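Residue-level structural notes
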Amino acid sequence: MKEFVTLCNFNVHFRFFSLFSASTRKYCKLQSPTAKKSTNDPSPLQQKNYRTGLVYDERMTLHKCSFDLNHVEHPDRVSKMYDYLQEEGLVSRCVRIIAGPATEEVVLLVHSPEYIAQVQAWQKEAEVDPNQNPCKLEEGSPTYLSPHVYNCAMLAVGCAIKLVEAVLQGEVDNGLAIIRPPGHHAEMDEAVGFCFFNNTSIAARYAQTELNVKRILILDWDIHHGNGTQHAFYSDPSVLYLSLHRYDQGKYFPYMDESNFSAVGEGKGEGFNVNVAWNKGSEVIGDLEYIAAFHRIVLPVAQEFNPDLVLVSCGFDAAKKDPLGRCNVTPGCYAYMTHHLKSLAQGKLVLILEGGYNVQEMSECMAACSRVLLGDAPPTVASGIPTRISETSIANTIQAHRKYWKCLQDHRPSSLPDD
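This is a predicted model, so every value here is computed, not measured.

Helices and strands together make up the secondary structure of the protein, namely 12 helices and 10 strands. In the protein, which comprises 419 residues, the share counted as buried stands at 63%. Sequence-distant contacts in the protein: of pairs separated by 6 or more residues, those separated by 24 or more amount to 80%. Of the accessible surface of the protein, which amounts to about 15700 Å², a share of 48% is contributed by carbon and sulfur atoms.

Rendered as structure tokens:
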């Protein structure tokens, strides 16, 4: 599908650039918690203490690659993240949520029985020969099997749904799940991109079927498009899937045309699939680009959708120094977005770990998000103007969704306090 806005279409781009830049200067600047607050501002900028649930189980570290000790999806991603949160005094401030493996019945909310049996079979095969690798390769790294793959994948799902349950039943206000293997690439009947079961999608369906939640927002800020999550809800208007990811004209994983802005959903779900597809080129994608997309698209559309629950597919591979994402998003930016997401769904917000492959950076990012979940003031984020190519990505998404969302027709930025 031909892009609505291209850099060579100077007249269209210049008109958008003029409008966008003016609002960006205002809305890319983080407000102090003591700043004057607008009377109609719904965002929770006042400092208060929140009960934040934290779920982690060290048994998820048993899944590891036996034939490549340098594989990027390794157990230290969660164990060292948890250790870092402990060192920063954040674990003691959270409410520990204890969970066990999900049942097969729960996983069937998203995956086929044949596929669940296949993952079980892979584990049994790996118990005999851990060096087997029947899964596809991508990004130069295999989606590997292990003698613990099924058990760990079921445990990751169980942790996600237990945390969501704790939030919805009022045991905690919000929460974060430090889990692996990740899930947002997993399809109904296929393991993709290190993912076996789609943790976030299953948690969403569980919330709807077991806890009577009507509308759910899934924000996916992993640098890779969550193809599995998109496909799970593509025709469903009760789940708004919104993804910020690298696309690079289809040349970035998962290499799918439907990762582009033009994939808007189908049937009753048309308009409820929103992709902000970055075409990186030589320009660095960082805080300014993410905050611009957040205030031009994410928060206005989310406010109009008015979810009862917000789930974040919380990958940190857009963070600086990540070996796969190669972007430059800071911990402060992730904290900033998390802070303002608390204005939705009466604060019912759950962060579920996806990707992120620089252990130190992703640990700092999760720590920053944890602090604002707990009620600490978010750090300041620099103001400025995003790159021109990122503005094109944002403009394309707005144009593709204008007919579905009134906030995009009016080009209204999301609500923030007055300066």
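Of the two faces of strand β1 (residues 52–55), the one carrying Thr 52 and Leu 54 and the one carrying Gly 53 and Val 55 are both buried. Looking at chain direction, β1 and strand β5 (residues 174–177) are connected through 4 bridges and run parallel. Bridge pairing in β5 places Val 55 opposite Ala 177. Relative to strand β2 (residues 95–97), β1 runs parallel, the two sharing 3 bridges. Paired with Gly 53 across the bridge in β2 is Val 95. Where the polypeptide runs from β1 across helix α2 (residues 76–87) and back to β2, its parallel neighbour, the crossover connection is right-handed.

Once that is clear, we can look at the confidence of the model for the protein. Per-residue confidence for the protein averages 86 on the pLDDT scale, and 83% of its residues sit at or above 70. Low confidence marks residues 1–45, where pLDDT is under 50. Its contacts with residues over four positions away, or in another chain, come to 100 contacts. Across residues 413–419, confidence stays below pLDDT 50; counting only partners more than four residues off in sequence or on other chains, it has 30 contacts.

Taking strand neighbours across the sheet as the criterion, the 8 strands line up as β2-β1-β5-β10-β9-β6-β7-β8 in an open arrangement whose pairing is parallel. Looking at which strands have only one partner, the edges of the open sheet turn out to be β2 and β8 (273–278). Here the average twist between neighbouring strands, direction ignored, is 15°. Against the sheet, helix α8 (residues 287–305) contacts β6 (216–220), β7 (239–246) and β8, and its axis sits at roughly 175° relative to β7.

This part is about the pattern of salt bridges. In total, this model carries 11 salt bridges according to the counting rule given. In this structure, Lys 162 engages Glu 165 in a salt bridge whose closest nitrogen and oxygen atoms are separated by 3.6 Å. With Lys 162 and Glu 165 both in helix α5 (residues 149–168) and 3 residues apart, this pair spans about one turn of that helix. Relative accessible area serves as the criterion here: at 16%, Glu 165 is assigned to the buried category. With its nearest N and O atoms 3.6 Å apart, the salt bridge here joins Arg 215 to Asp 308. Taken together, the positions of Arg 215 in the loop between α6 (199–211) and β6 and Asp 308 in the loop between α8 and β9 (309–314) put the pair 93 residues apart, joining distant regions of the chain. Residue classification places Arg 215 among the partly exposed positions, given a relative accessible area of 28%. What makes Asp 308 partly exposed here is its relative accessible area of 28%.

With that out of the way, let us pick up the packing of α8 against helix α9 (residues 331–341). The geometry of α8 relative to α9 is characterised by a closest axis approach of 10 Å and an angle of 15° between their N-to-C directions. Accordingly, the angle class assigned to the pair α8 and α9 is roughly parallel. When you trace α8 past α9, the crossing you get is right-handed. Of the residues in α9, those in contact with Asp 287, Tyr 290, Ile 291, Phe 294, His 295 and Leu 299 of α8 are Cys 333, Tyr 336, Met 337, His 340 and Leu 341. A class-by-class count of the residues in the contact of α8 with α9 yields 8 nonpolar, 2 polar and 1 charged.

Right, let's get into the nonpolar core. Leu 85, Ile 178, Trp 221, Tyr 290, Phe 316 and Tyr 334 are the most contacted members of the largest nonpolar core, which has 66 residues in total. The element that contributes the greatest number of residues to this core is α8, accounting for 11 residues. Residues contacting Phe 316, with those up to four places away along its chain left out, are Met 81, Trp 221, Asp 322, Tyr 334, Leu 353, Gly 355, Gly 356, Met 362, Cys 365, Met 366 and Cys 369.

This part covers the packing of aromatic side chains. Here the structure, examined in full by the defined rule, presents 12 aromatic pairs. Note on Tyr 150 and Phe 197: the rings are 6.2 Å apart at their centroids and 85° apart in plane angle, and the pair reads as edge-to-face. Of this pair, Tyr 150 sits in helix α5 while Phe 197 sits in the loop between β5 and α6, and the two are 47 residues apart along the sequence. Take Tyr 150: its relative accessible area is 12%, and that puts it in the buried class. Judged by relative accessible area, which is 1%, Phe 197 ranks as buried.

Here we come to the packing of α5 against α6. α6 packs onto α5 with a crossing angle of 45° between their chain directions and a minimal axis gap of 9 Å. Comparing their axes, α6 and α5 come out oblique. The element α5 and its partner α6 pack so that their crossing is right-handed. On α6, the residues touching Ala 153, Ala 156, Val 157, Ala 160, Ile 161, Val 164, Glu 165 and Leu 168 of α5 are Asn 199, Ile 202, Ala 203, Tyr 206, Ala 207 and Leu 211. Split into classes, the residues belonging to the contact of α5 with α6 amount to 12 nonpolar, 1 polar and 1 charged.

What counts and what doesn't
Residues numbered from 1 in each chain as written. Predicted model: local features only at pLDDT ≥ 70, side-chain atom pairs only at ≥ 80, totals over all residues. Heavy atoms only, no water. Helix = DSSP H or I, 4+ residues; strand = E, 2+ residues; numbered from the N terminus. Buried < 20%, exposed > 50% of the residue type's maximum accessible area, 1.4 Å probe, protein only. Contact = heavy atoms within 4.5 Å. Areas by Shrake-Rupley, 256 points an atom, 1.4 Å probe, with all protein chains shown as cover. Pairing = 2+ DSSP bridges. Right-handed = clockwise from strand over helix to strand, strands pointing away. pLDDT = per-residue confidence, 0-100. Axes fitted to C-alpha atoms, helices over the stretch in contact; angles between N-to-C directions. Salt bridge = Lys/Arg side-chain N within 4 Å of Asp/Glu carboxyl O. Parallel < 35°, antiparallel > 145°, perpendicular 65-115°, else oblique. Left-handed = near helix turned anticlockwise from the far one by under 90°. Nonpolar A, V, L, I, M, F, W, Y, C, P; charged D, E, K, R; others polar. Core = buried A, V, L, I, M, F, W, Y, C linked by side-chain atoms within 4.5 Å. Phe/Tyr/Trp six-rings, centres within 6.5 Å; stacked < 30°, edge-to-face > 60°.

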